Amino acid sequence: MTTVTKPEGAPAANAPDGFLSVRDLQVTFSTEDGPVKAVDGLSFDLARGRTLGIVGESGSGKSVTNLTVLGLHNPLFTKTDGEIVLDGKELITATEKEMEELRGNRAAMIFQDPLTALSPFYTVGRQIAEPYMKHRKVSKKAAWERAVEMLAKVGIPNPRERAKDYPHQFSGGMRQRAMIAMALVCDPDLLIADEPTTALDVTVQAQILDLLKDLQQEFGSGIIFITHDLGVIADMADDIMVMYAGNAVERGTVDEVLRAPQHPYTWGLLNSMPRLDSDLDTPLSPIPGSPPSLLHPPSGCRFHPRCTFQDRVAGAAGRCVDERPLLGPDRASACHLTADQKRTIFIEEIKPRLA
Ligand SMILES: Nc1ncnc2c1ncn2[C@@H]1O[C@H](COP(=O)(O)OP(=O)(O)OP(=O)(O)O)[C@@H](O)[C@H]1O
Ligand SMILES: [Mg+2]
């Protein structure tokens, strides 16, 4: 069983439209070297019909967070605290049977590598039909028809014929489409897409992104979209959450975060990522240093060992080393700089470098 302790005095989960609400989430893995706190006090909301983009360097806890929402960690090695409420249902305390009922039905996930979701031993059509048959209790024939319909929806030509193929008979882009068809077959309210297009070439990537947008329009699902690509986020998401070392450091609408980012880590990310509008010769500057070990995370602000703005923070010397900055509600960034400083530094020192 997953160990559960409710955060003391935590606010009752209350998403804007009561859809997905995560409060003070903590995920700790026991490893041979000691406990790894992969997610540490994370809170966010997702409204129905909206897309939340999650960005952050490798190891920041993006996948762990979302696998936790779907209850996909091995409970023997994982301790999960906090609250995850989906449409009024608390998921951390849910039984494995309840989570099984949820997965593939109300909530689904698509991954970077479709072969993690598709079995090589069954036809594509059968793999799409099965969750539909199980959750909707329909006949084999009706489920098969639904699979063919879904393959058509995701743009597979000759869907009736192709449904009889095995995954290895599909190209990479088609396998990705098939996995999306499988994820959406039961019309989930929540879709989590973890780097769904990273492995695809640019043309196929654009087609898949368009497909996801169309399907969201049609099904009205809430989508969590994880990617390293800020261009994709700008295109797909309504809101952004920037993660660093197991927590959110900045949150806001896409427009707010991309036009007026407030956190030194977000500035570093923007500076290190190719921009849609930049020419290919613009040199990129990676953030100096590397993400911290989650076995022994830094004290205070976890970003402080890599941050070049600490000496501008008002108050006691070493505040960033001693005191963890918290993320407020709504538009927020977890940094001890004042709101004025964040605005001025971005406009005067960071923005000119991005242009
Ligand atoms: N089962 C596990 N046991 C121990 N540590 C784990 C486990 N799964 C993930 N971690 C650790 O948790 C941290 C967060 O991992 P996660 O996979 O969420 O990163 P991510 O942000 O998705 O990175 P990427 O962009 O590379 O996919 C990493 O330090 C990772 O090593
Ligand atoms: Mg990941």
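Here the structure is a predicted model, which is why all the values come from computation and not from measurement.

**Brief notes about the pattern of salt bridges**
Moving on, step 1. Summed over the entire model, instances satisfying the criterion amount to 26 salt bridges.
Moving on, step 2. In this structure, Lys164 engages Glu161 in a salt bridge whose closest nitrogen and oxygen atoms are separated by 3.3 Å.
Moving on, step 3. The partner of Asp235 in a salt bridge is Lys213, with the nearest N and O atoms 2.9 Å apart. Note that Asp235 is positioned in helix H8 (residues 230-236) and Lys213 in helix H7 (residues 202-219), a separation of 22 residues in sequence.
Moving on, step 4. Residue Asp235 is classed as partly exposed on the basis of its relative accessible area, which comes to 39%.
Moving on, step 5. Here the salt bridges do not stand alone but share partners, grouping Lys37, Asp40, Arg302 and Arg324 into one network.

**Concerning the nonpolar core**
Moving on, step 1. The biggest cluster of nonpolar side chains holds 40 residues, and the ones touching the most others in it are Ile110, Ile128, Ile180, Leu191 and Phe225.
Moving on, step 2. When neighbours within four sequence positions are excluded, Leu191 is seen to be in contact with Ala108, Met109, Ile110, Ala183, Leu184, Leu212, Gly222, Ile223 and Ile224.

**Overview of the side chain of Glu195**
Moving on, step 1. If you trace the backbone, Glu195 turns up in the loop between strand S7 (190-194) and H7.
Moving on, step 2. Lys62 is the oppositely charged side chain nearest to the buried, salt-bridge-free Glu195, at an N-O distance of 5.1 Å.
Moving on, step 3. Among the polar contacts made by the side chain of Glu195, one reaches the side chain of His228 at a distance of 2.7 Å.
Moving on, step 4. Setting aside chain neighbours within four positions, we find Glu195 in contact with Lys62, Phe111, Gln112, Ile226, Thr227 and His228.

**Here's the deal with the pairing of strand S10 (residues 247-253)**
Moving on, step 1. Burial analysis of S10 places six of its seven residues in the buried class, which makes it a mostly covered element.
Moving on, step 2. Sheet topology places strand S9 (residues 239-244) next to S10; six bridges connect them, and they run antiparallel. Across the sheet, residue Met241 finds its bridge partner in S10, namely Arg251.
Moving on, step 3. Between the end of S9 and the start of S10, which pair antiparallel, lie two residues, with Ala245 showing a positive phi angle near 45°.

**Some remarks on the confidence of the model for the protein**
Where the model shows low pLDDT, its predicted coordinates should not be examined in detail.
Moving on, step 1. Taken over all residues, the pLDDT of the protein has a mean of 89, while the share at 70 or more is 92%.
Moving on, step 2. Per-element mean pLDDT across the protein ranges from 85 in H7 up to 98 in helix H5 (residues 159-162).
Moving on, step 3. When the criterion is pLDDT under 50, residues 1-15 qualifies, and its contacts beyond four places in sequence or with other chains add up to 30 contacts.

The rules behind these values
- Residues numbered from 1 in each chain as written.
- Chains lettered and ligands numbered in written order.
- Predicted model: local features only at pLDDT ≥ 70, side-chain atom pairs only at ≥ 80, totals over all residues.
- Heavy atoms only, no water.
- Salt bridge = Lys/Arg side-chain N within 4 Å of Asp/Glu carboxyl O.
- Helix = DSSP H or I, 4+ residues; strand = E, 2+ residues; numbered from the N terminus.
- Buried < 20%, exposed > 50% of the residue type's maximum accessible area, 1.4 Å probe, protein only.
- Core = buried A, V, L, I, M, F, W, Y, C linked by side-chain atoms within 4.5 Å.
- Contact = heavy atoms within 4.5 Å.
- Lys, Arg positive; Asp, Glu negative; His and termini not counted.
- Polar contact = N/O pair within 3.5 Å; in protein donor to acceptor, adjacent residues only side chain to side chain.
- Pairing = 2+ DSSP bridges.
- pLDDT = per-residue confidence, 0-100.

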